[in-house]
Amino acid sequence: MLTVTNPADGSYVGEVPEMTVSEVRAAVDRTCDAFPAWSRKLAKERSELLRRWFELVREDKRMFAEIIVKENGKCLSDAMGEIEYGLGFIEWYAEEARRVYGDTIPTHASNAQVIVVKEPAGPTAAITPWNFPFMMITRKIATALAAGCTMIIKPSELTPLTAYKLLEYARKAGIPEGVFEMVTGNPKEIGDVFTTDSRIRKISFTGSTAVGKLLASACGKDLKKMTLELGGNAPFIVFDDASFDDAVAGLVAAKLRNSGQVCISPNRIYVQEGIHDRFVAAVTERVAKIRVDQGLQEESVVGPMINEAGLNKVAQLVEQSRNEGAKVVLGGKRHEKGGLFYEPTILTELNDDMQIAQSEIFGPVFPIYRFKTEEEVVKRANNTEYGLVAYAFTRDLGRAFRLSKGIESGMVILNTGAVGTASIPFGGIKHSGYGREGSYYGIEEYVEVKYVLMSGLDK
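Model, not experiment: these values are computed from the prediction.

1. Quick notes on the packing of aromatic side chains
And then number 1: Scanning the entire structure with this criterion turns up 11 aromatic pairs.
And then number 2: Taken together, a centroid distance of 5.2 Å and an interplanar angle of 80° make the contact between F239 and F371 edge-to-face. With F239 in the loop between β10 (234-238) and α9 (244-256) and F371 in strand β14 (residues 365-371), this residue pair connects regions lying 132 residues apart in the sequence. No difference in accessibility class separates F239 from F371, as the two residues are buried.
And then number 3: Through pairs of rings, three or more aromatic residues link up here, namely F64, F134 and Y169.
And then number 4: Its guanidinium or amino end placed over the ring of F426, R139 lies 4.4 Å from that ring's centre, counting from NZ or CZ.
And then number 5: Sitting above the plane of the Y169 ring, K172 keeps its charged end 4.2 Å from the centroid.

Right, dumping it as C-alpha cells:
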C-alpha cells in the first residue's frame, strides 16, 4: 500500500493500493473494453451522467476540500476555491457533450455531398500532479467522457485520496467501471504501460517538462495524441501607470496560491523603476501579515511545501540568490515552525543571470526585478524556454495590446492575477507544452475529424 501523510505535520491521512503491472494492465483492459459502449451513448446520456456526478460532488464539497488540505497542505480557502474551479469543468463539459458539432462543406461534385463528423479519439489515459488533486482530475476526465472517450488516470502518489473519492462519487452517479478507471503505484511502471499499449490513443499529462519530454518521446512510437501542460516561468510585469493597489493584491494572491506551488505562479516579477521601491514596500507590508500555518482553518494562510525535496529546492534557490548578491527584504529561511514550512520571502537586487531567474521556484518566494522600458521588459519576459502564462498591469490600452502580441506565452493576463475558469483555453507554448484544456477548444483534443464523401446521389 502507498501511505499518504499530511505535509503540515507528517500525520497519517490514508493509504491507496500500490498496484502491480498486471493490475494496471487489467485496468487498461477495462478502459479499452468499455470504450465501444460509451462512445455509442447518446450525447444527452453522457451529459446527464456528468451532470449527476457534478451534483453529488457539489453536495459534499466541504468534505472534498478537507481531504485536499490534509493530503496536499494548502489552506482551506484555497482548497474550496479549487473545488469550485474543478466543479466548473464537470458542469461545463456536461453541457459541451451535446455540442460536438460537425460540418457540411460545399461539394466539389454535383452528385456528391461532403460531410465532416467528429468521433471520440478512443481509450485515453491521464497523469496528474499533486498540487491540484481535484481540479486536475475533473478537467481531464470530464472532457474525455464528454467527447465519448474512456479514461484511466494515474494521480500523484502524494495526493491520491481526493482522486479516489472522485472516482467513488462517479460510480454513485452511474458512470460505469471502465469508463473512468484509476491506478496508483510506481509512476515509471504505470507510465510505461500507458505509453506502450497501442489501444490507448491519447495521453494527457500535467507535470514537469523533463517528464513530459520522456512521455512525448515514448508516445511517438504509436503516434498517440497528447496534451502536455508542463513547467512555467511566468513573468509578472507592473508598469508605472498600473492601478497600484490592484497590482499588489493581484500579485500576492497569485503568488501565494497553494504556497506558490503552482505552474502559473508569478516567477519573475518586473516592476518599472518609477514605482519599484514603493511597490516592494507595499508587497512586503501585505505579505508580512499573512500567517504560516496548517491549512484546516477558515482564514487564508501559507501552508507547507509538499515534501522535503520541494522545501530544499526553494531554500537552495534563495540561498544561492543571496550569495550572488540578492537582497532579502522579508523571510529567506525555513520557518520557525519547522517541518516543511518556509517563510514567505521577498528578494530584490536581482539580475536575469541568476539561477532563480531561469528556475520554476514552486514556493512562496517573490523575486522582484527592476526595468526601465516596455521594449526591455518584453525582451526579458521572453528570455526563457517556457511560455505558459504572463501577467501585466497597465492602464495604457495600446500597450496592453502590444503586450498581448509581443509576449511569447500561451496565455497573457492583463490587470488581474486570476487566470480564468472552465470556459477558457488553458495551455502553453515552447517548453510549457502543447494542446489546450478547458473551453470548447479542450474537447477538440479528444476527437478525431472524419471526412465523409457521399457520391452517386444522382442515381
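2. Regarding the sheet that holds β14
And then number 1: Ordered by their spatial adjacency, 7 strands build an open sheet running β12-β13-β14-β11-β10-β16-β17, and the pairing between neighbours is mixed. Either end of the sheet is taken by a strand with one partner, and the two such strands are β12 (327-330) and β17 (411-414). Along the sheet, successive strands turn relative to each other by an average axial angle of 25°, direction set aside.
And then number 2: Pairing analysis gives 3 bridges linking β12 to strand β13 (residues 345-348), with the strands arranged antiparallel.

3. Overview of the pairing of strand β5 (residues 124-127)
Each regular strand displays side chains that alternate between the two surfaces of the sheet.
And then number 1: Here β5 shows no split at all, with T124 and A126 on one side and A125 and I127 on the other all buried.
And then number 2: Handedness of the β-α-β unit built from β5, helix α5 (residues 135-147) and strand β6 (residues 151-154) comes out right-handed.
And then number 3: Sheet topology note: the β5/strand β8 (residues 202-206) ladder contains 4 bridges and is parallel. Bridge pairing links I127 to F205 in β8.

4. Digging into the nonpolar core
And then number 1: Residues W53, L145, F180, I264, F279, V283 and F366 are the most contacted members of the largest nonpolar core, which totals 87 residues.
And then number 2: The dominant element in this core, judged by the number of residues it contributes, is α5, at 9 residues.
And then number 3: Contact partners of W53, with chain neighbours within four places excluded, come to I90, I141, L166, Y169, A170, A173, I175 and F180.
And then number 4: Counting residues in each nonpolar core, the second largest holds 28 residues, with M305, V314, V318 and L350 among its members.

5. Brief notes about the sheet that holds strand β7 (residues 180-182)
And then number 1: Spatial ordering of the open sheet is given by β7-β6-β5-β8-β9-β19, a layout of 6 strands whose pairing is mixed. Two strands lie at the open edges of the sheet, namely β7 and β19 (433-434), each paired on one side alone.
And then number 2: Relative to β6, β5 is paired through 4 bridges, and the arrangement is parallel. In the sheet register, T124 faces β6, and the bridge partner there is M151.
And then number 3: Against the sheet, helix α7 (residues 187-196) touches β5, β6 and β8, its axis set at about 160° to β6.

What counts and how
- Residues numbered from 1 in each chain as written.
- Predicted model: local features only at pLDDT ≥ 70, side-chain atom pairs only at ≥ 80, totals over all residues.
- Heavy atoms only, no water.
- Phe/Tyr/Trp six-rings, centres within 6.5 Å; stacked < 30°, edge-to-face > 60°.
- Helix = DSSP H or I, 4+ residues; strand = E, 2+ residues; numbered from the N terminus.
- Buried < 20%, exposed > 50% of the residue type's maximum accessible area, 1.4 Å probe, protein only.
- Lys NZ or Arg CZ within 6 Å of the ring centre and 35° of its normal.
- Pairing = 2+ DSSP bridges.
- Axes fitted to C-alpha atoms, helices over the stretch in contact; angles between N-to-C directions.
- Right-handed = clockwise from strand over helix to strand, strands pointing away.
- Core = buried A, V, L, I, M, F, W, Y, C linked by side-chain atoms within 4.5 Å.
- Contact = heavy atoms within 4.5 Å.

The analysis is restricted to geometry; functional conclusions fall outside its scope.
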